[in-house]
Amino acid sequence: MKVLLLVAGKSERFWPLSDKSLFPVCGKSPLEWQIDRLKQAGCTNITVVAGPHNKEKTKALVPGMEVLLQEDMSLGTRGALLSALPHLNKEPIMVVSGNDLVDSSAYKDVLDAAGKPGVDGVFLAKHMENYFPGGYLTMKGDHILDIVEKPGEGNEPSNLVNIIVHVHNDYDALLASLETIIDPQGDGYSQAEQTLLKEKHYVAVTYRGGWLALKYPWYMLSAMEELMKTVIESRIHPTAQIHPSAIIEGAVHIAEGVVIEPLAIIHGPTTIGKHSTIGNHSIVRSASIGAHCTIGSRSEIKGSVLADYVKTHGSYVGDSIIGENVNLATGCVLGNLRFDDREVHSMVGGKKIGTGRRKFGSAIGNDARIGMQVCTNPGIKIGRNVFVSGGATLADDIPDGMFVTMQNGEVSMTPNLTRAPHHKETLKEKDKSSTPPRVRHDKDKN
């Protein structure tokens, strides 16, 4: 069985963050988490299909694994399959969306069902108790007759929602259905599915386990909460330097070269990436900290996901997602709770939508610089390469590439003409000039 893992999407709804399949959470990207679970289920013949924007980064994350390029990005999933299938042998294909993270048992159950006599294909179907705006399966026994997209509450043909973990046993039939599309402007893969369901015997595997459908930025918080369930015991790399006065409670994963300074407090479950520093008197609670981050003195990071090279300085980061190479100056507060304690909303495509979360702070894109004493309301998103001057209070999203100031109590935006240097570029120089931290590992305590 050949697995095609599709990560070529541009993640437009994930703005201001980039590439949800590659965003680090709990020590790995969702792509790596998926590959681990596929392998646990016995799927070892895996090919990743990436786009021009993320192929090189994808190859770096999965060295030695075949990574193919989707040639026509406008064709969505259909385009990914049309690019990949000619490179493969004519064998059964499992199509896995990079947007959906499920348990390894789901992959195994789909494989088992696909091997039964008379089965031409299998769809994984999530059993839903409440309405979900997805594609619902019309069933006759275990046989799939149709897929109804977003039927509306009360009109569901079943309680089974389609997850893109699909097995197609007939390679030639799959390719032919993809090549023969009546409406090229529509969802080509869905049209191909409809053809296959009419001509072939496809069955559904009912799934009741965890399902992380990565769509909007705040979904990464749900991903973190689910993946933190794997942090059940502490793992501290022997090169980590932990001051004797630091407090670590609960299960934590602390990677190579991490420094925990005096009187810092770490509450598990928490993961801290390679060569990050947790400054003195700082608090980290149930958070995913990336590599090469600096959590400066007296900062608090609560329930948040930080990518690599993030710096905070006496900042409060609550239930937020921070992109790569972001700096939060002294006194920044990312507010995460409404006064009325109700659901936090956020703007997407000009419309205010519910996040389904009582607590959600901010999402900040790569290369942003946030000045001293900046505050954000819950649900605010700050774009990539945005500079916000000190003292601003943000109640609305900030587009990419803006320089933001507060004038006469109102937010003013002009194009940002300065590019933030990436910490990667200066890391070697910093290492040469800095003095070793005055900390000790726990094993050195007398």
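Each chain has its residues counted from 1, running along the sequence as written. Reporting of local features is limited, given that this is a predicted model, to residues whose pLDDT is at least 70; pairs of side-chain atoms are given and counted only at 80 or more, and all residues count toward the totals for whole chains, interfaces and linings. Each side-chain value is derived from all of the structure's non-hydrogen atoms; neither hydrogens nor water enter the calculation.

S.K.: Go over the overall build of the protein with me, naming the residues and quoting the values.
M.R.: Assigned secondary structure in the protein consists of 8 helices and 39 strands. Over its C-alpha atoms the protein spans a radius of gyration of 23 Å, differing by no more than 12% from the 22 Å that the globule rule assigns to 446 residues. Taking the principal axes of its C-alpha atoms as reference, the protein extends roughly 65 × 55 × 40 Å. Here the protein holds 446 residues, and the buried ones make up 50% of them. When checking whether two residues touch, look at their non-hydrogen atoms; a contact exists if any pair is within 4.5 Å. The contacts of the protein with a sequence gap of at least 6 include a subset with a gap of at least 24, amounting to 49%. For the accessible areas, the method is Shrake-Rupley and the probe is 1.4 Å, while residue cover comes only from the protein chains on display. For the protein, the exposed surface amounts to about 20,200 Å²; the carbon and sulfur share of it is 50%. Helix and strand assignments follow DSSP, with helices taken as H or I runs no shorter than four residues and strands as E runs no shorter than two, numbered in order from the N terminus. Here the globule rule is a power law, 2.2 Å times the number of residues to the power 0.38, and the radius of gyration is based on C-alpha atoms. Burial classification: accessible surface area is computed with a 1.4 Å probe over protein chains only, and a residue below 20% of its type maximum counts as buried, one above 50% as exposed, and the rest as partly exposed.

S.K.: Go over a nonpolar patch on the surface, please, and point to the residues and values.
M.R.: Like charges are joined within 9 Å and nonpolar side chains (Val, Leu, Ile, Met, Phe, Trp, Tyr) within 5 Å, but only among residues with over 30% relative accessible area and no salt bridge; these make up the patches. One side-chain nitrogen of Lys or Arg within 4 Å of one carboxyl oxygen of Asp or Glu is enough to make a salt bridge. A cluster of nonpolar residues, Met406, Val411 and Met413, forms a patch on the protein surface that exposes about 220 Å² of accessible area. Here methionine 413 is to be found in strand 39 (residues 410-415). In this structure methionine 413 comes out as partly exposed when scored by relative accessible area, which is 39%.

S.K.: Pulling in residues and values, what's your account of the packing of aromatic side chains?
M.R.: To pair, rings of Phe, Tyr and Trp, with the six-membered ring standing in for Trp, must have centres within 6.5 Å; the planes then decide the type, stacked if under 30 degrees apart, edge-to-face if over 60, and tilted in the middle. Using the criterion set out here, one finds 9 aromatic pairs in the structure. On the basis of an interplanar angle of 55° and a centroid distance of 5.7 Å, the ring pair of tryptophan 218 and phenylalanine 360 is categorised as tilted. Separated by 142 residues along the polypeptide, tryptophan 218 in the loop between strand 11 (211-213) and helix 7 (219-227) and phenylalanine 360 in the loop between strand 31 (351-354) and strand 32 (362-364) bring together distant segments of the chain. When sorted by exposure, tryptophan 218 lands in the same class as phenylalanine 360, which is buried. Through successive ring pairs, a cluster of aromatic residues spans Tyr216, Trp218, Tyr219 and Phe360. The rule for a charge over a ring is simple: NZ of Lys or CZ of Arg within 6 Å of the ring centre, and within 35 degrees of the ring normal. The ring of tryptophan 33 is capped by lysine 28, whose NZ or CZ atom sits 4.7 Å from the centre of that ring.

S.K.: Go over the sheet that holds strand 12 (residues 235-236) with me, naming the residues and quoting the values.
M.R.: Strand order in the open sheet formed by 8 strands is 12-15-18-21-24-27-32-35, and the pairing between neighbours is parallel. Of all the strands in the sheet, just strand 12 and strand 35 (380-382) have a single pairing partner and so form its edges. Relative to strand 27 (residues 321-322), strand 24 (residues 305-306) is paired through 2 bridges, and the arrangement is parallel. The residue bridging valine 305 from the neighbouring strand is isoleucine 321, located in strand 27. Being paired, for any two strands, means DSSP has found at least two bridges between them.

S.K.: Explain the layout of surface pockets to me, using residue names and the numbers behind them.
M.R.: A pocket here means an open set of points on a 1 Å grid, computed over the protein atoms alone, that has protein on both sides within 12 Å along at least five of seven lines. A cavity is instead a set of points where a 1.4 Å probe fits but cannot get out; residues with an atom within 4 Å of a point line either one. Grid points are joined across faces, edges and corners, and a volume is the space filled by probe spheres set on the points. Taken as a whole, the second largest pocket holds about 900 Å³ of empty space. Lining the second largest pocket are 36 residues, and of these Pro24, Cys26, Gly27, Lys28 and Ser29 sit closest to its centre. Of all elements in the fold, only helix 1 (30-40), helix 2 (55-61), strand 15 (252-254), strand 18 (270-272) and strand 21 (288-289) reach the threshold of two or more residues within the lining of the second largest pocket. Here the residues of the lining of the second largest pocket sort into 18 nonpolar, 10 polar and 8 charged. Under the convention adopted here, Pro, Cys and the residues Ala, Val, Leu, Ile, Met, Phe, Trp and Tyr are nonpolar, Asp, Glu, Lys and Arg are charged, and Gly plus all remaining residues are polar.

S.K.: Describe the nonpolar core, listing the residues and the values that go with them.
M.R.: Generally speaking, soluble globular proteins have nonpolar side chains that are buried together. Take the buried residues of types Ala, Val, Leu, Ile, Met, Phe, Trp, Tyr and Cys, join any two whose side-chain atoms come within 4.5 Å, and each joined set is a nonpolar core. Of all hydrophobic cores here, the largest spans 38 residues; its most connected members are Ile289, Ile364 and Ile370. Listing elements by their share of this core, those giving two or more residues are strand 15, strand 35 and strand 38 (402-407). With residues near it in sequence (within four places) discarded, isoleucine 370 still touches Asn327, Leu328, Ala329, Cys332, Ile364, Ile382 and Val388. With 37 residues, the next largest nonpolar core counts Val48, Tyr107, Val110 and Trp211 among its residues.

S.K.: Could you give me a rundown of helix 4 (residues 104-114), with the residues and numbers involved?
M.R.: Buried residues of helix 4: Ala106, Tyr107, Val110, Ala113 and Ala114, and no others. Looking straight down helix 4, one finds its buried side chains confined to an arc of 130°; they lie on one side. If you follow the buried residues of helix 4, they end up packed against helix 1, strand 4 (93-97), strand 5 (100-102), strand 6 (121-127), strand 9 (160-168) and strand 10 (202-207). By definition, the arc is the one covered by directions from the helix axis to the C-beta atoms.

S.K.: Provide a residue-level description of the packing of helix 5 (residues 171-179) against helix 6 (residues 188-199), including the pertinent values.
M.R.: Only the contacting stretch of a helix is used when fitting its axis, a line to C-alpha atoms as for every element, and angles between N-to-C directions run 0 to 180 degrees. Where helix 5 contacts helix 6, the axes come no closer than 8 Å and their chain directions differ by 130°. Taken together, the axes of helix 5 and helix 6 are oblique relative to one another. In this structure, helix 5 meets helix 6 at a crossing whose hand is right-handed. Along its contact with helix 5, which presents Ala173, Leu174, Ser177 and Leu178, the element helix 6 presents Tyr189, Ala192, Thr195 and Leu196. Our angle categories are set so that under 35 degrees counts as roughly parallel, over 145 as roughly antiparallel, 65 to 115 as roughly perpendicular, and the remainder as oblique. For a crossing to be left-handed, the near helix must be turned anticlockwise from the far one by less than a right angle; the clockwise case is right-handed.

S.K.: Could you give an account of the environment of glutamate 153, with specific residues and numbers?
M.R.: Mapped onto the elements of the fold, glutamate 153 is located in the loop between strand 8 (143-149) and strand 9. Each C-alpha atom, one on glutamate 153 and one on phenylalanine 132, is 8.1 Å from the other, the two residues being 21 residues apart in sequence.

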